[in-house]
Amino acid sequence: MARTMTSDRQAADLRQRALRVMPGGVTAGGRFNPVIGRPYYFDHGDGARLWDVDGNEYLDYSSSNGASMLGHNHPRIAEAVREGLARGTMCTQETRSHVELCERICEVIPSAEKVRLSNTGTEATMAALRIARAATGRERVLKFDGHFHGMHDYVLFNCHTPETAMADQEIASYPDSAGIPERQGDLLVNVPFNDPGALVAALDRHADELACVILEPISYNLGCVPADRDFLVRLREETRRRGIVLIFDEVLSGFRMGLGGAQEHLGVEPDLSTWAKALGAGWPIAAITGTAEVMDVLGPVGSVVVSGTYTGQLCSAMAALAALDVMSEPGFYERLNATAQRLYSGLDALMAQHGVVGRVQGIGARFGLYFGVTEPVRDYRQATAFDPEVNNRFLKGCVERGLHFHDFGTKMAPMHYGTTAAHTDEDVDLTLDRLQAVFAGLRA
Ligand code: PLP
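Conventions adopted
Every chain is numbered independently, its residues counted from 1 as its sequence is written. With the structure being a predicted model, the display of local features is reserved for residues of pLDDT at least 70 and the display and counting of side-chain atom pairs for 80 or more, all residues being used for whole-chain, interface and lining totals. To obtain the side-chain values, all non-hydrogen atoms of the structure were used and water was disregarded. In this scheme, strands are said to pair when DSSP sees at least two bridges between them. What counts as a helix is a DSSP run of H or I of at least four residues, what counts as a strand is a run of E of at least two, and both are numbered from the N terminus. Fitted lines through C-alpha atoms give the axes, limited to the stretch in contact for helices. The angle between two N-to-C directions lies from 0 to 180 degrees. Nearness is judged by heavy atoms alone; a residue qualifies as near a molecule or strand once a single heavy atom is within 4 Å of it. N or O atoms within 3.5 Å of each other form a polar contact, as long as, within protein, one can give a hydrogen and the other can take it, and as long as residues adjacent in sequence are counted only when both atoms are side-chain atoms. Accessible areas in this description were obtained via Shrake-Rupley with a 1.4 Å probe; residue shielding takes into account the shown protein chains only. Lys, Arg, Asp and Glu make up the charged group, whereas Ala, Val, Leu, Ile, Met, Phe, Trp, Tyr, Cys and Pro make up the nonpolar group; the residues left over, Gly among them, are polar. In this description, contact between two residues means that some pair of their heavy atoms is separated by no more than 4.5 Å. When a residue's accessible area, from a 1.4 Å probe over protein chains only, is under 20% of the maximum for its type it is buried; when over 50% it is exposed; and in between it is partly exposed. Here, the term nonpolar core denotes a set of buried Ala, Val, Leu, Ile, Met, Phe, Trp, Tyr and Cys residues that are joined through side-chain atoms within 4.5 Å. Here a crossover is taken to be right-handed if, once the strands point away from the viewer, the path from the first strand over the helix to the second is traced clockwise. Salt bridge criterion: a side-chain nitrogen from Lys or Arg within 4 Å of a carboxyl oxygen from Asp or Glu. Each crossing gets its hand from how the near helix is turned against the far one by less than a right angle, where anticlockwise is left-handed and clockwise is right-handed. Helix span is expected to be 1.5 Å times the residue number reduced by one.

Draft legend 1. Fine view of the sheet that holds strand S14 (residues 366–371). The strand order S13-S14-S16 describes an open sheet built from 3 strands, whose pairing is antiparallel. The two strands at the open ends of the sheet, each matched to only one other strand, are strand S13 (358–363) and strand S16 (416–418). For this sheet, the mean inter-axis angle between neighbouring strands, taken without regard to orientation, is 30°. As paired elements, S13 and S14 share 6 bridges and run antiparallel to each other.

Below, the structure written as structure tokens:
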């Protein structure tokens, strides 16, 4: 059932105005969508759908880069935020709600004994590194090729390692932005993901300098690439033995397939973890969790400073409490995961039916699509071997049929997409129906 964008008159007008007052006409670089040659201008979202300023309707498979996992305009989140507003839109104050929120987080996250709140995933990973450095008295950080941990200078390296620099062992540091001091790269040790040999060699070489190892235990920034369980168990043992803090960045994997995140799903507990996105159901809130021993380096007990005006802003804290309530309801994850699985099976069937080579890898409500790839994707090198031309045709076909799959246009890394609690089986079936024509066009 084809469906085309009926008009883009208002969007074209907004684009002209935006170009005059914003660099590149966007408030955030990632919002420029190369597939349509401009950002989308949405008017509102409801449930699994978005409407743009010209009245075009889209089924949303980007869900605010994973933040809107409950869907847009969830009534329980809206009610909680209204309660926060009525209580005075406070920030910089502790309330009963903050104590309750941190208690709830400690109940559901396997490795969480203590919590510090923050506003974004970027701030949370920045704080986690500071905590690890203070706890160990060391400075260097081991990270994995292609893993993304936010926009700060300590970690914005090697998300898009150039092909010529990929290696089987340690990889040189490549900043992902201009303006980052080159010397920051000296504080990093980069290794390929899921490669125990490269990991242990790097740990042996740098053990005395390493404060921490940080990773996405399920790297949705590579589409959807989980750590092999053996690799993760080995990483846990090796870091513990050497007194290196192990940090799971669960900003994207958190609450995605179950309340306890990837650490519960994979059965390995880190020393520190970072959370955001689904935690606030679209409201800006993040958390750093960890063992009491490591977290107690934070002030006012210890001497590590992590604080901020908007930390734990009341409406966001109320939204997170409500989100945890919704996600804790019996059957919530069974339904979420079943809907996602229906889509993954449908995509597999479409590939087979239309003779399109590719892989769908999904865990819980988020997935990656790797056109042109047949083997299971386990690392950055494999994840970036997808066919950008077919990928682009897929994304174009989706736009024309009212399916929103956002693309940052980096060309180097695949995007991650997701379903939400608002997607119904009927939405998935409608999507698969619309995708028939898209996949038919990919065969060529
Ligand atoms: N860590 C991971 C794994 C992420 O996926 C992201 C964002 O996509 C971040 C950190 C940064 O989070 P934020 O965009 O809230 O700063």
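Draft legend 2. Main features of the site of the ligand. As a structural note, the neighbourhood of the ligand is formed by Thr-120, Gly-121, Thr-122, Phe-148, His-149, Gly-150, Glu-216, Asn-221, Asp-249, Val-251, Leu-252 and Lys-277. A distance of 3.5 Å separates a nitrogen atom of the ligand from a polar atom in the backbone of Phe-148. Protein burial of the ligand: of its 390 Å² of free accessible surface, 82% is covered by the chains. Across the shell around the ligand, the residue classes break down as 3 nonpolar, 6 polar and 3 charged.

Draft legend 3. Representation of the sheet that holds strand S15 (residues 403–404) in the model. The strand order across the open sheet formed by 4 strands is S1-S2-S3-S15, and the pairing between neighbours is mixed. Each edge of the open sheet is held by one strand with a lone partner, namely strand S1 (42–46) and S15. Bridging between S1 and strand S2 (residues 49–52) involves 4 bridges; their strand directions are antiparallel. Across the sheet, residue His-44 finds its bridge partner in S2, namely Trp-51. Most of the contacts of helix H13 (residues 425–440) go to strand S3 (residues 57–60), to which it runs at about 110°, and overall it touches S2, S3 and S15.

Draft legend 4. Layout of the environment of Leu-117. Structurally, the position occupied by Leu-117 is in strand S4 (residues 114–118). Given the relative accessible area of 10%, Leu-117 is considered buried. Put simply, Leu-117 and Gln-313 are 196 residues apart on the chain and 9.6 Å apart in space, counted from C-alpha to C-alpha. Dropping the residues within four chain positions of it, Leu-117 is found in contact with His-98, Leu-101, Cys-102, Ile-285, Ala-286, Ala-287, Thr-311 and Gly-312.

Draft legend 5. Geometry of the nonpolar core. Core analysis: the largest hydrophobic core is formed by 38 residues, its most contacted members being Leu-70, Leu-101, Phe-255, Leu-279, Leu-324, Met-327 and Phe-332. Among the elements of the structure, helix H2 (75–86), helix H3 (96–108), S4, helix H9 (314–327) and helix H10 (332–354) are those that each provide at least two residues to this core. Counting residues per element, this core draws most heavily on H9, at 12 residues. Among residues more than four places away in sequence, those in contact with Leu-324 are Leu-101, Arg-104, Ile-105, Val-108, Phe-255, Leu-259 and Leu-279.

Draft legend 6. Examining the pairing of strand S11 (residues 272–275) more closely. Going residue by residue along S11, you find Leu-272 and Thr-274 tucked away on one face and Ser-273 and Trp-275 tucked away on the opposite face as well. Note that strand S10 (residues 245–249) and S11 share 3 bridges and pair parallel. If you follow Ile-247 over to S11, its bridge partner there is Leu-272. Following the backbone out of S10, through helix H7 (residues 261–266) and into the adjacent parallel S11, one traces a crossover that is right-handed. Pairing analysis gives 4 bridges linking S11 to strand S12 (residues 286–290), with the strands arranged antiparallel. The partner of Ser-273 across the bridge, within S12, is Thr-289.

Draft legend 7. How the structure looks around the pattern of salt bridges. One pass over the full model with this rule turns up 18 salt bridges. The salt bridge involving Asp-296 is made with Lys-114; its shortest N-O contact spans 3.2 Å. A residue pair is termed long-range when its members are at least 10 positions apart, and Asp-296 in the loop between helix H8 (292–295) and H9 and Lys-114 in strand S4 qualify at 182 residues. Here Asp-296 falls in the partly exposed class, since its relative accessible area comes to 29%. Taking relative accessible area as the criterion, Lys-114 reaches 36% and is therefore assigned partly exposed. A salt bridge links Arg-205 to Glu-170; the shortest N-O distance between them is 2.4 Å. Residue Arg-205 is found in helix H5 (residues 196–206), and its partner Glu-170 is found in the loop between strand S5 (140–144) and strand S6 (188–191); the two are separated by 35 residues along the sequence. Under the relative-accessibility criterion, Glu-170 is labelled partly exposed at 28%.

Draft legend 8. Up close: the environment of Phe-367. Mapped onto the elements, Phe-367 comes out in strand S14. The class of Phe-367 is buried, set by a relative accessible area of 0%. Remark: the alpha-carbon pair of Phe-367 and Ala-172, spanning 195 residues in sequence, is separated by 29 Å.

Draft legend 9. Local environment of the packing of H3 against H9. Where H3 contacts H9, the two axes come as close as 10 Å, and the packing angle between them is 40°. The way H3 lies across H9 gives a crossing that is left-handed. For the pair H3 and H9, contact is made by Ser-97, His-98, Glu-100, Leu-101, Arg-104, Ile-105 and Val-108 and by Leu-314, Ala-317, Met-318, Ala-320, Leu-321, Leu-324 and Asp-325, respectively. Among the residues making up the contact of H3 with H9, the classes are represented as 9 nonpolar, 2 polar and 3 charged.

Draft legend 10. Structural detail: helix H12 (residues 388–400). The end-to-end C-alpha distance of H12 is 18 Å, a good match for the 18 Å that 13 residues give at a rise of 1.5 Å each. Every buried residue of H12 is accounted for by Val-390, Asn-391, Phe-394, Leu-395, Gly-397, Cys-398 and Val-399. For H12, the elements touching its buried residues are S3, S14, S15, S16 and H13. The opening residue of H12 is Asp-387, an N-cap whose side-chain oxygen sits 2.9 Å from the backbone nitrogen of Glu-389. After H12 finishes, the residue Gly-402 shows a positive phi value of roughly 70°.

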